[in-house]
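A look at the structure
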Amino acid sequence: MTTTLIKGGTVVSATGRGEADVLIDGETIAAVLAPGSQLLGTDVAASVDTVIDATGRYVIPGGIDAHTHMELPFGGTNASDTFETGTRAAAWGGTTSIIDFAVQRYGERVQDGLAAWHEKAAGNCAIDYGFHQIVGGVDEDSLAAMRGLLDEGVSSFKLFMAYPGVFYSDDAQVLKAMQVSAETGLLTMMHAENGPAIDVLAAQLADAGKKAPYYHGIARAWQMEEEATHRAIMLANLTGAPLYTVHVSAKQAVDQIAWARDQGWNVFGETCPQYLYLSLEEQLGAFSEEWGQFEGAKWVCSTPLRSQKEGHQHHMWQALRTNDIQMVSTDHCPFCMKGQKELGLDDFRAIPNGIGSVEHRMDLMYQGVVTGKITLERWVELTSTTPARMFGLYGRKGVIQPGADGDVVVYDPNGHTTISAASHHMNMDHSAWEGFEIDGHVDTVISRGKVVVDGGQYLGAKGDGRFLKRGLSQYLI
């Protein structure tokens, strides 16, 4: 087995930082040593296969993006990143594990949906991967199948209060699924928007000739997110189900989650980089010579980007500091402008919903450290440690300690990264983050002991990643 010593760096965890050397033996971390320690001999560096000098840099656990949608069929097309291209891009950005979503729709079997996603991912991933299960058709068959998910290493499922006719569950279906959640310990994940009301508003806007991408954000008003978030919380409380609200974007929805947590309930929330940095006015309302008002389609996602004037972005950073929101994922669901987003050229309702960010999450969140919005330790907690705990991976993932998988990132705080479609590795013809400047750089990425990115080169291979069988959430009260 290959041995690797990462020496001279500052090891950062969710609880502190300190100078230490990290020894990886094969696929797992064997030791975390004080500088100069002779515990394993007088010259450890001379006895290993590879030495990585991390002097002046941070050594952190590999990132875990717990919300991605590789190859997702949506809006008459498929997300443009495959498991091969998307996980390779993730590795470039310091993410060493993803949790994607297997899909079951109306009239389909949960087992068949999970099997289909295994087939898409197996042998194609550059990094380790797990699955949540989307339950898009809640009926007696799917409820029975949900009880067997944990045996398959899937400990969470997702429901939608949005997208009637596609994934939508009404309140009765949500209630029944949450009852299974309470019985089994499976974590209920919720897309919390009032879908039927949104569809009415969207149709009214379109009938009035308001069909540009900007109106996607107007139709999906913050009241629709706040109301659905509250409704999901109350149903979860009634049933005793743990609840995790995905891609929270409205400050009013955050307040609902904070209120529930103040009661001591098992209610959690995730946000995404787009809701921290981007806005209704600047992005959804953007104009370009190439696309005109349709430029905003690059940023059409759901939940939508919120108004800068209303202060949602500031409130979201604050929620990350106070732990009212526990973690940051990407909701990575990329579509190209040409041939995909342009399906909605004449009507925002037909624009495939999604933004590509899996490569940039670690950098974008580190910039929050640079600007004083979060601490260095909180950066690690939000992007690695809490995702591992929330989704039953902690101990193997999310921490640098003996016995954990050798998933390690060497990050240079004195480096620099310019984000651009010309240099990113995601399968997209544009970047939602074009021109963003990051005062830091992912230098080296190690996945289960193998160096997969180093010195500006990709050293990994298709099939390096393995399926992660997950246990129950380790974050519950």
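Rules behind the numbers
Residues numbered from 1 in each chain as written. Predicted model: local features only at pLDDT ≥ 70, side-chain atom pairs only at ≥ 80, totals over all residues. Heavy atoms only, no water. Axes fitted to C-alpha atoms, helices over the stretch in contact; angles between N-to-C directions. Helix = DSSP H or I, 4+ residues; strand = E, 2+ residues; numbered from the N terminus. Parallel < 35°, antiparallel > 145°, perpendicular 65-115°, else oblique. Left-handed = near helix turned anticlockwise from the far one by under 90°. Contact = heavy atoms within 4.5 Å. Nonpolar A, V, L, I, M, F, W, Y, C, P; charged D, E, K, R; others polar. Core = buried A, V, L, I, M, F, W, Y, C linked by side-chain atoms within 4.5 Å. Buried < 20%, exposed > 50% of the residue type's maximum accessible area, 1.4 Å probe, protein only. UniProt positions renumbered as here; feature names shortened; annotations may be inferred. 1 Å grid on protein atoms, 1.4 Å probe; cavity = no way out; pocket = protein on both sides within 12 Å on 5 of 7 lines; lining within 4 Å. Points joined across faces, edges and corners; volume = space filled by probe spheres on them.

A word on the packing of helix α8 (residues 222–239) against helix α9 (residues 251–262)
- The interhelical angle for the contact between α8 and α9, taken along N-to-C directions, is 20°, at an axis separation of 8 Å. Classified by the angle their axes make, α8 and α9 are roughly parallel. The handedness of the crossing between α8 and α9 comes out as right-handed. Residues Trp222, Glu225, Glu226, Thr229, His230, Ile233 and Met234 of α8 pack against Gln252, Ala253, Gln256, Ile257, Trp259 and Ala260 of α9.
- Residues that form the contact of α8 with α9 fall into these classes: 7 nonpolar, 4 polar and 2 charged.

Overview of the nonpolar core
- One finds Met190, Tyr244, Met365, Trp379 and Phe391 to be the most contacted residues of the largest nonpolar core, which totals 127 residues.
- In terms of residue count, helix α14 (residues 376–390) provides more of this core than any other element does, 6 residues in total.
- Contacts of Met365, omitting those with residues within four sequence positions, involve Leu276, Trp317, Leu320, Val328, Ile374, Trp379, Leu382 and Thr383.
- In this structure, Val11, Ala20, Ile24 and Val59 belong to the second largest nonpolar core, which totals 15 residues.

Some details on the environment of Pro61
- Of note, Pro61 is situated in strand β5 (residues 58–61).
- Of the residues examined, Pro61 reaches a relative accessible area of 3% and is grouped as buried.
- Between the alpha carbons of Pro61 and Thr2 there is a distance of 19 Å; along the sequence they are 59 residues apart.

Considering the UniProt feature "domain: Amidohydrolase-related" (unreviewed entry) in the protein
- Within this numbering scheme, the UniProt entry marks residues 58–452 as carrying the feature "domain: Amidohydrolase-related" (unreviewed entry).
- Each end of residues 58–452 is marked by a C-alpha atom, and these two atoms are 18 Å apart; helix forms 35% of the span and strand 18%.

Structural notes on the layout of surface pockets
- Put simply, the largest pocket is a space of about 400 Å³.
- Forming the walls of the largest pocket are 19 residues, and the residues nearest its centre are Phe74, Tyr163, Asp199, Arg220 and Arg349.
- At the level of secondary structure, the elements contributing two or more residues to the lining of the largest pocket comprise β7 (73–74), α6 (195–207) and α7 (214–219).
- Per-element tally for the lining of the largest pocket: the top contributor is α6, with 4 residues.
- By volume, the second largest pocket amounts to about 250 Å³.
- Together, 17 residues line the second largest pocket, and Trp92, Glu359, Thr417, His425 and His441 are the ones closest to its centre.
- Listed by contribution, the elements that provide at least two residues to the lining of the second largest pocket are β17 (417–418) and β19 (441–447).
- For the lining of the second largest pocket, the leading source of residues is β19, giving 3 residues.
- Here the lining of the second largest pocket is composed, by residue class, of 4 nonpolar, 10 polar and 3 charged.

Things to note about the packing of helix α5 (residues 171–184) against α8
- In the contact formed by α5 and α8, the axes pass within 9 Å of each other and the chain directions differ by 45°. One finds that α5 runs oblique with respect to α8. With respect to the hand of their crossing, α5 and α8 are arranged in right-handed fashion. Each of Asp171, Val174, Leu175, Met178, Gln179 and Ala182 in α5 lies in contact with α8, whose residues at this interface are Arg231, Ala232, Leu235, Ala236, Leu238 and Thr239.
- Of the residues assigned to the contact of α5 with α8, the class counts are 8 nonpolar, 2 polar and 2 charged.

A short note on empty space enclosed by the protein
- The tally for this structure, following the rule as stated, stands at 1 cavity of 30 Å³ or more.
- What the largest cavity holds in volume is close to 150 Å³.
- Lining the largest cavity are 16 residues, with His69, Leu72, Tyr163, Asp331 and Asn353 positioned closest to its centre.
- When its residues are assigned to classes, the lining of the largest cavity shows 8 nonpolar, 6 polar and 2 charged.

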